[in-house]
Each structure stands twice: as structure tokens, then as C-alpha cells.
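Observations on the model geometry
Residue strings, one per chain:
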Amino acid sequence: MAEPYLCPICRSNRTSFEIIFKLSREIRKDPETGEELFQADSMSVMLRNDRPELEVKCLTCGYTGYEGLFIKAARQGAS
Ligand SMILES: [Zn+2]
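Residues numbered from 1 in each chain as written. Predicted model: local features only at pLDDT ≥ 70, side-chain atom pairs only at ≥ 80, totals over all residues. Heavy atoms only, no water.

1. Focus: the layout of surface pockets
Taken as a whole, the largest pocket holds about 160 Å³ of empty space. Residue assignment for the lining of the largest pocket shows that the elements contributing at least two residues are β7 (51–52) and α1 (67–78). The residue makeup of the lining of the largest pocket, split by class, is 3 nonpolar, 2 polar and 4 charged. (1 Å grid on protein atoms, 1.4 Å probe; cavity = no way out; pocket = protein on both sides within 12 Å on 5 of 7 lines; lining within 4 Å. Points joined across faces, edges and corners; volume = space filled by probe spheres on them. Helix = DSSP H or I, 4+ residues; strand = E, 2+ residues; numbered from the N terminus. Nonpolar A, V, L, I, M, F, W, Y, C, P; charged D, E, K, R; others polar.)

2. Brief notes about the nonpolar core
Counting residues in each nonpolar core, the largest one holds 8 residues, listed as Tyr5, Cys7, Phe17, Leu54, Val56, Cys58, Phe70 and Ile71. Of all the secondary-structure elements, those providing two or more residues to this core are β8 (54–58) and α1. Considering every element that reaches this core, the biggest residue donor is β8, with 3 residues. When sequence neighbours within four positions are dropped, the list of residues in contact with cysteine 58 reads Cys7, Cys10, Asn13, Ser16, Phe17, Tyr63 and Phe70. (Core = buried A, V, L, I, M, F, W, Y, C linked by side-chain atoms within 4.5 Å. Buried < 20%, exposed > 50% of the residue type's maximum accessible area, 1.4 Å probe, protein only. Contact = heavy atoms within 4.5 Å.)

3. Comments concerning the sheet that holds β8
Read across the sheet, 3 strands follow the order β1-β8-β9 without closing on themselves; strand pairing throughout is antiparallel. Every interior strand has two partners, whereas the edge strands, β1 (17–21) and β9 (64–66), have only one. Going from strand to strand, the sheet's axes swing by 30° on average, the running direction of each strand aside. For β1 and β8, the ladder comprises 5 bridges, and the chain directions are antiparallel. Each residue of the ladder has a partner; that of isoleucine 19, found in β8, is valine 56. (Pairing = 2+ DSSP bridges. Axes fitted to C-alpha atoms, helices over the stretch in contact; angles between N-to-C directions.)

Spelled out as C-alpha cells, the structure:
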């Protein structure tokens, strides 16, 4: 589902962004040394409500925040 973005900080950028995905990978650590004893082969994108949990970076002012803040700003800016 496509959603317009507007940066909530500079409120001028609706077009240029970077998208940051959170990746998770299962590991096992030695509790004494902190050494990683096992790493799963694959990483998976973290999901929230069946959508990738994204952060968005504004390429105009550099602000980075949750995608929802950018979507909310775009909706408020449109009304
Ligand atoms: Zn911005």
C-alpha cells in the first residue's frame, strides 16, 4: 500500500528519502565471554502489523524517524 511521505521536521521534503529496514538474526552467546557461538544463516526483516518495520531518513534535513511519523505528517499537510 503506497503512502505519501512528508518530513515532519523540515516539512518541505515529500520526495527524497532513504528507507531503513530493521533486520533480525538469531544468535547464541557465551554468557561469560560474550563470544558468539552460533549465528543463524539468514536475516529476516522485522514486521509490525504485517508491514516491514521501517525508519525513514529525510535527505533534505537528515532527520530519521519511524515511517508512521512521515505518513502522519503527509496526511496532516494534505488536509
Ligand atoms: Zn526533513
